[in-house]
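# Summary of the model geometry
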Amino acid sequence: MTNTSETGTVDTGAAKKTVAVFFGGVSSEHSVSCVSAVSVLRAIDRERFDVIAVGITRDGQWTLVDPQSVDYRFAPDAPLPEVAAGESLVAFSPEAGSRELLELRDGQYRSAGVVDVVLPIIHGPFGEDGTLQGLFELAGVPYAGAGVFASAAGMDKEFMKLVFRHAGLQVGPFEVIGDREWRRDADAALARLDGLDYPLFVKPARAGSSQGITRVDSPEGLREAVETAREHDLKVIVEQGIVGREIEVAVLQGRGTNATRVSLPGEIAVDEAGSHSFYDFTAKYIENDAAQLSCPAVMPEEAVEEVRRLGVTAFEALDGEGLSRVDFFYTPDGRFVINEINTMPGFTPISMYPALWSKSGIDYPSLISELLDLALERPLGLR
Ligand SMILES: Nc1ncnc2c1ncn2[C@@H]1O[C@H](COP(=O)(O)OP(=O)(O)O)[C@@H](O)[C@H]1O
Ligand SMILES: [Mg+2]
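Residues numbered from 1 in each chain as written. Chains lettered and ligands numbered in written order. Predicted model: local features only at pLDDT ≥ 70, side-chain atom pairs only at ≥ 80, totals over all residues. Heavy atoms only, no water.

### A word on the overall build of the chain
Across its full length, the chain holds ten helices and 18 strands. Each principal axis of the C-alpha distribution contributes one length, and for the chain these read about 60 × 50 × 40 Å. Burial statistics for the chain: of 383 residues in total, 57% are counted as buried. Contacts in the chain between residues far apart in sequence, at least 24 positions, make up 66% of those at least 6 positions apart. Summing over all exposed atoms, the chain offers an accessible surface of approximately 16700 Å²; the carbon and sulfur share of this is 50%. Within the chain, the 58 negative side-chain charges are centred at a point lying 3 Å from the centre of the 34 positive side-chain charges. (Helix = DSSP H or I, 4+ residues; strand = E, 2+ residues; numbered from the N terminus. Buried < 20%, exposed > 50% of the residue type's maximum accessible area, 1.4 Å probe, protein only. Contact = heavy atoms within 4.5 Å. Areas by Shrake-Rupley, 256 points an atom, 1.4 Å probe, with all protein chains shown as cover. Lys, Arg positive; Asp, Glu negative; His and termini not counted. Charge placed at Lys NZ, Arg CZ, Asp CG, Glu CD.)

### What about the sheet that holds strand S11 (residues 214-216)?
As summarised here, the arrangement of the four strands in space is S9-S12-S10-S11, forming an open sheet in which the pairing is antiparallel. Two strands bound the open sheet, and with one partner strand each, they are strand S9 (174-177) and S11. Pairs of neighbouring strands in the sheet enclose a mean axial angle of 20 degrees, with direction left out of account. Note: S9 against strand S12 (residues 236-240), four bridges, orientation antiparallel. What sits directly across from Glu-175, in S12, is Val-238. Sitting on the sheet, helix H6 (residues 222-230) touches S9, strand S10 (200-204), S11 and S12, and the angle it makes with S10 is about 25 degrees. (Pairing = 2+ DSSP bridges. Axes fitted to C-alpha atoms, helices over the stretch in contact; angles between N-to-C directions.)

### Brief notes about the confidence of the model for the chain
In the predicted model, the chain carries a mean pLDDT of 93, and 96% of its residues have values of at least 70. Predicted confidence for residues 1-9 stays below pLDDT 50, and this span has 20 contacts to residues more than four positions away or in other chains. (pLDDT = per-residue confidence, 0-100.)

### Things to note about the pattern of salt bridges
If you walk through the whole model with that rule in mind, you get 33 salt bridges. Note that Glu-103 and Arg-110 form a salt bridge whose closest N and O atoms lie 2.3 Å from each other. In this structure, Arg-230 and Asp-179 form a salt bridge, with 3.0 Å as the shortest nitrogen-oxygen distance. Taken together, the residues span a long stretch of sequence, with Arg-230 in helix H6 and Asp-179 in helix H5 (residues 179-191) at a distance of 51 residues. A single salt-bridge network, built from bridges that share partners, covers Arg-48, Arg-255, Arg-261, Glu-370 and Asp-373. (Salt bridge = Lys/Arg side-chain N within 4 Å of Asp/Glu carboxyl O.)

### Quick look at the domain arrangement of the chain
The domain boundaries assigned to the chain delineate domain 1 (17-144), domain 2 (154-170 + 242-377) and domain 3 (174-240). A C-alpha centroid distance of 25 Å is found between domain 2 and domain 3. The three residues of domain 2 that bury the most area against domain 3 are Lys-157, Glu-158 and Phe-278, which together make up 37% of that side's buried surface. Viewed at the interface, domain 3 and domain 2 are joined by three salt bridges. At the junction of domain 2 and domain 3, the tally comes to seven residue pairs in polar contact (both at pLDDT 80 or more). In terms of residue count, the dominant contributor to the side of domain 2 that touches domain 3 is helix H4 (residues 157-166) (six residues). Its residues placed into classes, the side of domain 2 that touches domain 3 shows eight nonpolar, two polar and seven charged. (Domains from an automatic or database assignment. Buried area = accessible area lost by both parts, 1.4 Å probe. Polar contact = N/O pair within 3.5 Å; in protein donor to acceptor, adjacent residues only side chain to side chain. Nonpolar A, V, L, I, M, F, W, Y, C, P; charged D, E, K, R; others polar.)

### Points about the site of ligand 1
Lining the immediate surroundings of ligand 1 are 19 residues, of which Lys-157, Lys-203, Ser-210, Ile-242 and Glu-246 lie closest. A distance of 2.5 Å separates an oxygen atom of ligand 1 from a polar atom in the side chain of Lys-157. A distance of 2.5 Å separates an oxygen atom of ligand 1 from a polar atom in the side chain of Lys-203. Computed on the free molecule, ligand 1 has an accessible area of 540 Å², of which 95% lies beneath the protein chains in the complex. Assessed atom by atom at 2 Å from the grid points, ligand 1 resides in the largest pocket. Where the shell around ligand 1 is concerned, the elements lending two or more residues are S10, S12 and strand S18 (336-342). Of the residues belonging to the shell around ligand 1, the class tally is seven nonpolar, six polar and six charged. A domain-level breakdown of the shell around ligand 1 finds at least three residues from each of domain 2 (154-170 + 242-377) and domain 3 (174-240). (Near = heavy atom within 4 Å. 1 Å grid on protein atoms, 1.4 Å probe; cavity = no way out; pocket = protein on both sides within 12 Å on 5 of 7 lines; lining within 4 Å. Sits in = over half its atoms within 2 Å of the grid points.)

### Thoughts on unusual backbone geometry
Here the bond from Tyr-198 into Pro-199 is cis, since omega is 0 degrees, no more than 30 degrees from zero. Along the chain, the position of Pro-199 falls in the loop between H5 and S10. Here the residue pair Cys-295 and Pro-296 is connected by a cis peptide bond, since its omega of -5 degrees sits within 30 degrees of zero. Positive phi values are uncommon outside glycine, yet Arg-99 reaches one of about 55 degrees. The phi dihedral of Ser-210 is positive, around 65 degrees, even though this residue is not glycine. Within the secondary structure, Ser-210 is located in the loop between S10 and S11.

### As for a negative patch on the surface
A cluster of like negative charges, contributed by Asp-271, Glu-272, Glu-287 and Asp-289, occupies part of the molecular surface. If you trace the backbone, Glu-287 turns up in the loop between helix H7 (281-286) and strand S16 (291-294). For Glu-287, a relative accessible area of 33% translates into the label partly exposed. (Patch = residues over 30% accessible without salt bridge, like charges linked within 9 Å, V, L, I, M, F, W, Y side chains within 5 Å.)

### Topic: the packing of H5 against H6
Here H5 crosses H6 at 165 degrees, and the two axes come no closer than 11 Å. When the interaxial angle is binned, H5 and H6 end up roughly antiparallel. Note that H5 runs across H6; the crossing there is right-handed. In contact with Asp-179, Trp-182, Arg-183, Ala-186, Asp-187 and Leu-190 of H5, H6 contributes Leu-222, Arg-223, Val-226, Glu-227 and Arg-230. Here the contact of H5 with H6 is composed, by residue class, of five nonpolar, no polar and six charged. (Parallel < 35°, antiparallel > 145°, perpendicular 65-115°, else oblique. Left-handed = near helix turned anticlockwise from the far one by under 90°.)

Written as structure tokens, this is what we have:
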């Protein structure tokens, strides 16, 4: 229990608060969110917080879930975990400033609790992209993590690159194919890709967990790869492959006016001799030995400091809040090319973000408390 924050301005431990953990969601990362939520729910300090769990089904229904009994996990050959449609629906009260969640059951509304802070453990569109964050802003409820703009820009692989480039970060060559252009003249869109060197990575512009991404080694595979990406997002980004080690840092906002915090860098090494030509969904979550996570990454001391500095630059360039994981390619000639930022990174038992912090002095439960305290100390509205 703490009664003072670093700034001494917020009394975070004075009275028990209610946290609503949101998870699931309509994006293709639904199951990752479910598995993250299990770990998060177990880590919340119950002496400081009462917990409400709100699951969002794949088709977007908000339902109350018993936070004690949730148990979702990944297993080879098992179906991906998902939120089951429940009998009780929930929504925020429309009354201004009430912060109350209302439960609708058997045609009757009753209070499900007044929410002091939301922890939205949702990845992908309609969860991590500012839409849900906008709903919390409208409901007047504080929430952990990035605000509306940073969430939206951090979800979109084109716009994040524009922000990063503006901040002086190195970004690899890429092209964007919009829906109307593709439907109007796919050949012309494909012709625009001639300037990029193979292999190419064809991706939905707004997705995550490697869903919908294809590595393409020659032009014949391009059209199908674009169609695959379009199953996830009608906006597609095609990137030139970057040769380099995959290095990631975990960023955590400072309390009050304190400086942004950044972890030691970690490295992901995919066993390319196996069935994975990149860090795909199965390598991330299903086959535990397909990718090795190591922290701290073995690099010269100057490179360690440089990538940590670049991670903070990326977070601040985007107007990040709360947390982000920032991913780079470390090229053989010693440059860091930014791949992406994740404003709500995974929190599963094998996820990099909490692992990086545990190697950098903040254990998993403390990290969750920190995210909640950061959310509680920040003002609502324009800030
Ligand atoms: N331009 C690129 N060059 C080389 N590898 C890439 C590139 N883009 C993606 N990859 C590989 O694909 C993985 C997933 O791509 P990423 O852009 O991080 O998507 P997601 O948002 O789904 O995590 C990366 O971790 C990396 O292994
Ligand atoms: Mg990634």
